[in-house]
Amino acid sequence: MNKESISGLLLAGGRGTRMGHVDKGLQPFGGTTMAAHVLARLAPQVATLAINANQNLDTYAAFGVPVWPDDTPGFAGPLAGLEAGLRRCTTHYLLTAPCDSPFLPADLAERLFEGLQREDADLAVAVTEENGLRQPHPVFCLLKTGLAPVLSNYLAAGGRRMDGWYPQIKVAEVLFGDADAFRNINTREELQQLDPSAHQAQPLPRLADVVSCLSSYDPEALPVRDAQRIIRDFVTPVRATEQVALRAALGRVLALDVISPINVPSHDNSAMDGYALRGADLLPDTPTRLRVVGTTYAGRAFDGAPQAGECIRIMTGGVMPAGCDSVVPQEFVQVDGESIVLAPGVIRPDDNRRFAGEDLKLGSAALAAGKVVRPGDLGLLASLGVAEVPVRRRLRVAFFSTGDELRSIGQPLDEGCVYDSNRYTIYGMLQRLGCDIIDMGVVRDDPQALEQALRDACESADAIITSGGVSVGAADYTRDIMARLGDVTFWKIGMRPGRPLAFGRIASNGRSAFLFGLPGNPVAVMVSFYFFAREALLRMMGAEAPLELMRARSSATIRKKPGRTEYQRGILARGADGQPEVRITGSQGSGILRSMSEANCMVVLHDEQGNVQAGDMVDVLLFEGLI
């Protein structure tokens, strides 16, 4: 085989539908991209290389080889890419391989060339045997470049099957023994499973390393912002992703940018009901008279082009007729028989015209990775024709309460006992985050029971949330067990309510999970969850959604000493002047859960802040809308 007679073509012009309409060739793989892997395997086998692509052309050009888009519009299949290659190839033969098959054989060209010569064929295609059945791989082929007219005629007649034009040429099938070498990667899950770099063991960070970044670290008096920073720097996102149907993506976190497969709008169109006209026909000083020669509706374009002095009746969303560049609203004209008259200066050229791609351009990012999908995002994705979305897998969170005094609903309430409310508030907050929830109930104050519960939780979840048992007390075995099972630190945080907090990572039987040991008082549990666990869990899900505080006027004096952060339950409403005004619900004891139910916000009083006077502005966290 003389490789100087062969050019290699990377087929990267598809739409990547099963991978969420992303450009598959540019997806990370093995420390680089899938396209780079395929090019590296093709390069030693051929004289020259080229890429067939229909989007991200500049990115592909950075590989240093020619980039050839399709000549047959609106198809974006491998045959269109093959046609583009045959028309431009300057060698006698063309070898093709898809961008999503990074394991292609090193002897692909040699074996296909031998088969082509042996059978005096026009095209040689790779074939494998799987479970006793022969499986052709038509995108792995070597063919004579003189076949370009044959293929173009087939496409022009509407043919689209990769092997549909084979009856018109002589084809040689070349058997390869390694079926995995022809495996193509179609989904995010397959990409994750097959990417060798995704499975390289990474050393886990230690809490001591993260804490060392703080100039003054005192676990007995840790400011809120320092605790939040340590947690943020220590947790890591889950890597696994999955492809889900559009409706199932609601509330999920996007694993990748969603790339628009079309222009939105797809054509220049009218922003309102009126008349489409040529801006050059507008008279500057006298009324303009135009003859109405047709009508265009949304979804039904006008077939033709108006001439000078003519216009087209057009509805909102209607495609702009050829030659027209402006729309005059119908209320700005006088209708005179088959003509309209508009006063000078009513509109300017290009007014009321929406341009193709004005909202989103083909190939641009419609939604960014890390975004939590909301109802409006579903509509946006549907408008792009996106049926499946790449998302992070759901985060698995196990939780339980500790304490002999706790009773579950339905059990008799013995003297000195209370019903466990924390599991229900934690459940509600986790449910709003979209986690897969493992409710482990109430665990009694017994070292063996606590250790077994932590081990069970660790082996089945990504994160564990406990309530109670992290303060210093005679029956609080949780601290010792947590410390024995992993890298856990115990803090006294400068805040009210919710001073004690445990955080770290524990392990059992080769599995590890991040641990959040919350205090036992009901209000302190909710405050600690919102201001420490929530952002960390979202970060593990691949999302960045920091708490958004707003400013409001305090309706009364609030007593506070500088040196700690306080979270007080409040009710936000409009004051007499219409501006946001907040008042405290009353007693702020950490066991008064009723105050959380009555409140619609939390008043955040920062470390350095002292007493608040009536009329002072304070930071407020709204409960409504919290993920």
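Before any of the text, the structure's been laid out above.
A short tour of the structure in this document, coming up. Worth saying up front: this structure is predicted, and the values here are computed from it rather than measured. (Residues numbered from 1 in each chain as written. Predicted model: local features only at pLDDT ≥ 70, side-chain atom pairs only at ≥ 80, totals over all residues. Heavy atoms only, no water.)

Take the overall build of the chain next. Along its length, the chain carries 14 helices and 35 strands. Its C-alpha radius of gyration of 33 Å places the chain more than 25% over the 25 Å reference for a compact globule of 627 residues. The dimensions of the chain, computed from C-alpha atoms along their principal axes, are 90 × 80 × 50 Å. Residue pairs at least 24 apart in sequence account for 71% of intrachain contacts in the chain once pairs closer than 6 positions are excluded. Total accessible area on the chain stands at roughly 28400 Å², and carbon and sulfur atoms take up 49% of it. Separation between the mean location of the 62 positive side-chain charges and that of the 73 negative ones in the chain comes to 3 Å. (Helix = DSSP H or I, 4+ residues; strand = E, 2+ residues; numbered from the N terminus. Rg over C-alpha atoms; globule rule 2.2 N^0.38 Å. Contact = heavy atoms within 4.5 Å. Areas by Shrake-Rupley, 256 points an atom, 1.4 Å probe, with all protein chains shown as cover. Lys, Arg positive; Asp, Glu negative; His and termini not counted. Charge placed at Lys NZ, Arg CZ, Asp CG, Glu CD.)

A separate point is the packing of aromatic side chains. Under the defined criterion, the tally for this structure stands at eleven aromatic pairs. Aromatic pair Phe529 and Tyr530: ring centres 6.2 Å apart, planes at 80°, arrangement edge-to-face. Each member of the pair Phe529 and Tyr530 is classed as buried. Over the aromatic face of Phe176 sits the side chain of Arg111, whose NZ or CZ is 4.3 Å from the ring centroid. In this arrangement the basic side chain of Arg313 is found over the ring face of Tyr275, its NZ or CZ atom lying 5.1 Å from the centre. (Phe/Tyr/Trp six-rings, centres within 6.5 Å; stacked < 30°, edge-to-face > 60°. Buried < 20%, exposed > 50% of the residue type's maximum accessible area, 1.4 Å probe, protein only. Lys NZ or Arg CZ within 6 Å of the ring centre and 35° of its normal.)

Restricting attention to buried positions, one finds in helix α9 (residues 375–383) the residues Asp377, Leu378 and Leu381. Buried residues of α9 fall within an arc of 105° about the axis and therefore sit on the same side. Exposed and oriented more than 90 degrees from the buried face of α9 are Pro375 and Gly376. On its buried side, α9 packs onto β11 (258–259), β20 (365–367) and β21 (388–392). (Arc of directions from axis to C-beta.)

What follows concerns the sheet that holds strand β25 (residues 436–443). The strand order across the open sheet built from six strands is β25-β22-β26-β30-β29-β27, with neighbouring strands paired in mixed fashion. Strands at the two margins of the open sheet, each flanked by one partner only, are β25 and β27 (486–492). On average, adjacent strands in this sheet sit at an angle of 15° to one another, irrespective of strand direction. Sheet analysis places strand β29 (residues 500–508) next to strand β30 (residues 511–518), joined by seven bridges and oriented antiparallel. Across the sheet, the residue bridging to Ala507 is Ser512, located in β30. (Pairing = 2+ DSSP bridges. Axes fitted to C-alpha atoms, helices over the stretch in contact; angles between N-to-C directions.)

Here Asp420 lies in the loop between β24 (418–419) and α10 (422–433). Within the local environment of Asp420, its side chain forms a polar contact with the side chain of Arg423, the two groups lying 3.3 Å apart. Non-local contacts of Asp420, meaning those with residues more than four positions away in its chain, are made with Ser401, Leu406, Arg407 and Val442. (Polar contact = N/O pair within 3.5 Å; in protein donor to acceptor, adjacent residues only side chain to side chain.)

Judged by side-chain polarity, Ile409, Leu413, Tyr419 and Tyr424 come together as a nonpolar surface patch covering roughly 430 Å² of accessible area. Assignment of secondary structure puts Tyr424 in helix α10. (Patch = residues over 30% accessible without salt bridge, like charges linked within 9 Å, V, L, I, M, F, W, Y side chains within 5 Å. Salt bridge = Lys/Arg side-chain N within 4 Å of Asp/Glu carboxyl O.)

The next point concerns the sheet that holds strand β14 (residues 288–296). Sheet architecture is open: six strands sit in the order β16-β13-β15-β14-β18-β17, paired in mixed fashion. Whereas interior strands pair on both sides, the edge strands pair on one side only; in this sheet they are β16 (326–329) and β17 (333–336). Direction aside, neighbouring strands of the sheet carry axes that sit 40° apart on average. Here strand β13 (residues 274–277) pairs with β16 via four bridges, running antiparallel.

Moving on: the side chain of Ser5. With respect to the element layout, Ser5 can be found in the segment before β1 (6–12). Sequence-distant contacts of Ser5, defined by excluding residues within four places in its chain, comprise Thr91, His92 and Tyr93.

So, about the pairing of strand β22 (residues 396–402). Counting buried positions over the seven residues of β22 gives six, a clear majority of the element. The sheet contact formed by β22 and β25 spans six bridges and is parallel. Bridging across to β25, Phe399 finds its partner in Asp439. In this structure, β22 lies alongside strand β26 (residues 463–467), joined through five bridges in parallel fashion.

Once that is clear, we can look at the environment of Thr236. The residue Thr236 is located in the loop between α8 (224–234) and β10 (241–245) in this model. In the structure, Thr236 is positioned 304 residues away from Met540 in sequence and 5.5 Å away in space, judged by C-alpha atoms. Excluding anything up to four places from it in sequence, Thr236 contacts Phe514 and Met540.

Looking now at empty space enclosed by the protein. Taking a probe equal in size to a water molecule and rolling it over the atoms shows the remaining empty space. The tally for this structure, following the rule as stated, stands at two cavities of 30 Å³ or more. Broken down by secondary-structure element, the contributors of at least two residues to the lining of the largest cavity are α8 and α13 (522–540). Element by element, the count of residues in the lining of the largest cavity is highest for α13, at five residues. Class assignment of the residues belonging to the lining of the largest cavity gives a composition of four nonpolar, one polar and three charged. (1 Å grid on protein atoms, 1.4 Å probe; cavity = no way out; pocket = protein on both sides within 12 Å on 5 of 7 lines; lining within 4 Å. Points joined across faces, edges and corners; volume = space filled by probe spheres on them. Nonpolar A, V, L, I, M, F, W, Y, C, P; charged D, E, K, R; others polar.)

Moving on, we come to the pairing of β30. With six of its eight residues buried, β30 lies for the most part within the structure. In this structure, the hairpin formed by β29 and β30 is closed by a connection of two residues, where Asn509 is found at a positive phi of approximately 50°.

Scanning the model with the defined rule gives zero disulfides in all. We note that Cys141 lacks a disulfide partner, and the nearest cysteine sulfur, in Cys89, lies 12 Å from it. A relative accessible area of 1% means that Cys141 is categorised as buried. With no disulfide partner, Cys311 has as its closest neighbouring cysteine sulfur the one in Cys324, 8.0 Å distant. Exposure remark for Cys311: the relative accessible area of 0% places this residue in the buried category. (Disulfide = S-S within 2.5 Å.)

Attention now moves to the packing of helix α11 (residues 447–460) against helix α12 (residues 478–485). It is at 10 Å that the axes of α11 and α12 come closest, and there the two elements cross at 45°. Overall, the two elements α11 and α12 adopt an arrangement that is oblique. Helix-helix and strand crossings are classified by hand; for α11 and α12 the assignment is right-handed. Counted together, Pro447, Leu450, Glu451, Leu454 and Arg455 of α11 and Thr478, Ile481, Met482, Arg484 and Leu485 of α12 form the full contact between these two elements. For the contact of α11 with α12, the class distribution of residues is six nonpolar, one polar and three charged. (Parallel < 35°, antiparallel > 145°, perpendicular 65-115°, else oblique. Left-handed = near helix turned anticlockwise from the far one by under 90°.)

This part covers the packing of α8 against α13. Direction vectors running N to C along α8 and α13 enclose 25°, while the axes themselves pass 10 Å from each other. Taken as axis vectors, α8 and α13 run roughly parallel relative to one another. The two elements α8 and α13 meet at a crossing, and its hand is right-handed. Contacts between α8 and α13 involve Val224, Ala227, Gln228, Ile231 and Arg232 on the former and, on the latter, Phe531, Phe532, Glu535, Ala536 and Arg539. Its residues assigned to classes, the contact of α8 with α13 shows six nonpolar, one polar and three charged.

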